[in-house]
Amino acid sequence: MKIPARHLKHQRTLLTKRWLLEYTGKRTLLPDTGFKLTCPGTASSIPSGLVVGLYCDVGDVRGDKMKLTASGQKYDDLVKGKLKHQLKLALPPPKLGQVRTFYGLDETFNAVAVAGLGTDCVGYDPTEEMDEQKEVIRMAAGAGSKALQELSMQRIYVDSFGHSESAAEGACMGVWLYQQNKTEKDQRMMPKIELFDCGDWIGWQIGQQKANAQNLARQLMETPANLLTPSAFALSVVEVLTKSGVDVEVRCKNWAKLRQFNAFLAVSSGSGQPPVFLEVLYEGCEPDVSPIVLVGKGITFDAGGLCLKSCNAMRHTRGDMAGAAAVVAAVRAIAALQIPINVRGLIPLCENMPGACAFKPGDIIKSYNGKTILVQDTSYEGRLILADALSYSVTYSPKFIVDVGTLTTDLMDVMGSSAAAVFTNSDQLYDLMRIASIHTGDRVWRLPLWEYYEKGVTDISKSDVLNVGTTREGSACKAAAFLRQFVPQACDWIHVDTYGITRTSGKTYTYLRRGMSGRPTRTLIEFLSQLACRSS
């Protein structure tokens, strides 16, 4: 289904409100407890800050054409023009992503952060495949919130900037950081983020849920591998998802043996940590409706097995379970938002270590669906554990399958951190995923599933499939061709390779601090919510 570009800008809001109003009894998911504009003199004992936006063209260094957002103008009127006066004194105006902070404008807020939004003439860019207005809002909300967080504000009120969902995403993701292992007195303040002067509580709630989901994925990915073993990951998932009303089934090693998950067990054989296979079930509609199956790669640490990686190459492999983290986080968000779909999540969890019993180059493994795999390189393990999970998904007669994982380093050279690579046998699924990524700013790009690559992993007499291929060129495409051998016949399927987007430098997606990104969690949530809208 292709949607004309002129409709993309407003499609998200209309679709989301449609199912939220219908499936939540025409009520908002947040109580109307937003901040109301008050007169100076009502000082709060809680340190509070305000983030508002400012439009200004790049070349306008004198600020002749700078313009506050609607909420920013209301606040300026309240303080009798003090904000604009201070902006004139602090020329040049803040550019996109920059912040100017002012103090003592009134007794309600200890500080007011004015975040630059650039020009107000941005929207959907078909060349960049992004709704740039929403991305600008995320950048401004994130920059302003981080600036006030540095001042130890306990409560931050954020302008909607014209789209409260994007503002909530930027602000909530901007202030988040991993500090669980720091002494409590040295931890940075985590402020409460609230909406300022806007009645779009539905949009704000959606944005918060999506941001919190991505932050959950970031937290799982940042946790050191000695603390987040497969068993610890499973316990964390049980704790997080059962509170949201999602069923979680934890499968042990013997369960996997009985079902002949030999590829999954081979990868885990070199580790002292037992493997775990997680199944999560969310039922948002009738039980007889076929579920969407989400499969997440869950390698909690990847040393490369007997084909040992270098120390530098292992530096960030605690995040090799990014696919599993994104699936868990997405399921929690759709449960919180009550999206009317059924989802079954399959998450194989293990470590890839060079232990005495580790699988070896040259081994031939018989997978769950009966196909044999010749192991050429033990550091190409992700596709092996996904193979058994994909084959097993036929048990649930899926509507379609989405698998997510960090599979190939090639993608960092091809696209960097700009987009995740997508491979699919369904044009319709790709169109929906692409549209979802336009709205989230977390883009995807389709790469080919040609027969050329399939021959590269099946052209051998010793086994049915090679785990690397006859050559190493086109590794990402051959990884997808490998996985396709294990997808149930006549089933729509989409594979998302997230290696390039696992980490962020903090320079491109400025509302994300440097480190693990948690991508593409929000795109998965958006993708699933659009499917709910189409079926309702």
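Residues numbered from 1 in each chain as written. Predicted model: local features only at pLDDT ≥ 70, side-chain atom pairs only at ≥ 80, totals over all residues. Heavy atoms only, no water.

To continue, consider the side chain of S145. By secondary structure assignment, the location of S145 is in helix α4 (residues 132-149). Contact partners of S145, with chain neighbours within four places excluded, come to V51, I156, V158, A171 and V175. (Helix = DSSP H or I, 4+ residues; strand = E, 2+ residues; numbered from the N terminus. Contact = heavy atoms within 4.5 Å.)

The next point concerns the sheet that holds strand β19 (residues 465-466). In spatial order, the strands read β14-β15-β19; together these three strands make up an open sheet with mixed pairing. Two strands in the sheet have a free side with no partner beyond their single neighbour: β14 (364-366) and β19. Of the strand pairs in this sheet, strand β15 (residues 372-374) and β19 are connected by two bridges, and their pairing is parallel. Bridge pairing links I373 to V465 in β19. (Pairing = 2+ DSSP bridges.)

What follows concerns the nonpolar core. Counting 60 residues, the largest nonpolar core has F233, L278, V331, I341, V402 and F527 as the members making the most contacts within it. At twelve residues, helix α10 (residues 322-336) tops the list of elements feeding residues into this core. Apart from the residues within four sequence positions on either side, V402 is in contact with V293, L294, V295, I494, V496, L524 and F527. Grouped together as the second largest cluster of nonpolar side chains are 49 residues, V375, L407, M415 and F482 included. (Core = buried A, V, L, I, M, F, W, Y, C linked by side-chain atoms within 4.5 Å. Buried < 20%, exposed > 50% of the residue type's maximum accessible area, 1.4 Å probe, protein only.)

Moving on, we come to the packing of helix α14 (residues 451-458) against helix α15 (residues 475-484). In the contact formed by α14 and α15, the axes pass within 8 Å of each other and the chain directions differ by 75°. Regarding the angle of α14 to α15, the classification is roughly perpendicular. Across the interface between the two elements, Y453, E454, G456 and V457 from α14 touch C477, K478, A481 and F482 from α15. Class assignment of the residues belonging to the contact of α14 with α15 gives a composition of five nonpolar, one polar and two charged. (Axes fitted to C-alpha atoms, helices over the stretch in contact; angles between N-to-C directions. Parallel < 35°, antiparallel > 145°, perpendicular 65-115°, else oblique. Nonpolar A, V, L, I, M, F, W, Y, C, P; charged D, E, K, R; others polar.)

This paragraph deals with the state of the cysteines. Under the definition given, this model contains zero disulfides. Residue C121 stays outside any disulfide, its sulfur separated by 12 Å from that of C56, the closest cysteine. Taking relative accessible area as the criterion, C121 reaches 69% and is therefore assigned exposed. Looking at the unpaired C350, the closest cysteine sulfur is the one in C252, lying at 15 Å. Among the residues examined, C350 registers a relative accessible area of 0% and is labelled buried. (Disulfide = S-S within 2.5 Å.)

Here we come to the pattern of salt bridges. The tally for this structure, following the rule as stated, stands at 29 salt bridges. Of the charged contacts in the structure, one is a salt bridge between D64 and R62, with a shortest N-O distance of 3.9 Å. Note on accessibility: D64 and R62 belong to one class, exposed. (Salt bridge = Lys/Arg side-chain N within 4 Å of Asp/Glu carboxyl O.)

We now examine the packing of helix α2 (residues 70-78) against helix α3 (residues 82-89). Orientation of α2 relative to α3, taken along the N-to-C sense of each, is 105°, at an axis distance of 6 Å. Here α3 runs roughly perpendicular to α2, going by the angle between their axes. Counted together, G72, Q73, Y75 and D76 of α2 and K82, L83 and K84 of α3 form the full contact between these two elements. Considering only residue class, the contact of α2 with α3 consists of two nonpolar, two polar and three charged.

A word on the confidence of the model for the protein chain. This prediction gives the protein chain a mean pLDDT of 90; 91% of its residues lie at or above 70. Low pLDDT (under 50) marks residues 1-43, which in the prediction has 93 contacts with non-local residues, meaning those over four places away or in another chain. (pLDDT = per-residue confidence, 0-100.)

On to α14. Considered for burial, the residues of α14 that qualify are Y453, G456 and V457. Here the buried residues of α14 occupy an arc of 85° about the axis, which is enough to place them on one side. Along α14, exposed side chains directed more than 90 degrees from the buried face belong to E451, Y452 and K455. Looking at the buried positions of α14, the neighbouring elements they touch are β19 and α15. (Arc of directions from axis to C-beta.)

Moving on, we come to unusual backbone geometry. The residue after L91, namely P92, is reached through a cis peptide bond having omega 0°. On the secondary structure map, P92 appears in the loop between α3 and β3 (99-103). Residues R519 and P520 are joined by a peptide bond in cis, for which omega reads 5°. On the secondary structure map, P520 appears in the loop between β22 (515-516) and α16 (521-535). The backbone phi angle of S397 is positive, close to 45°, even though this residue is not glycine. Relative to the assigned elements, S397 resides in the loop between α11 (382-392) and β16 (400-405). Phi is positive for A490, which is not a glycine, with a value near 60°. Considering the arrangement of structural elements, one finds A490 in the loop between α15 and β20 (493-497).

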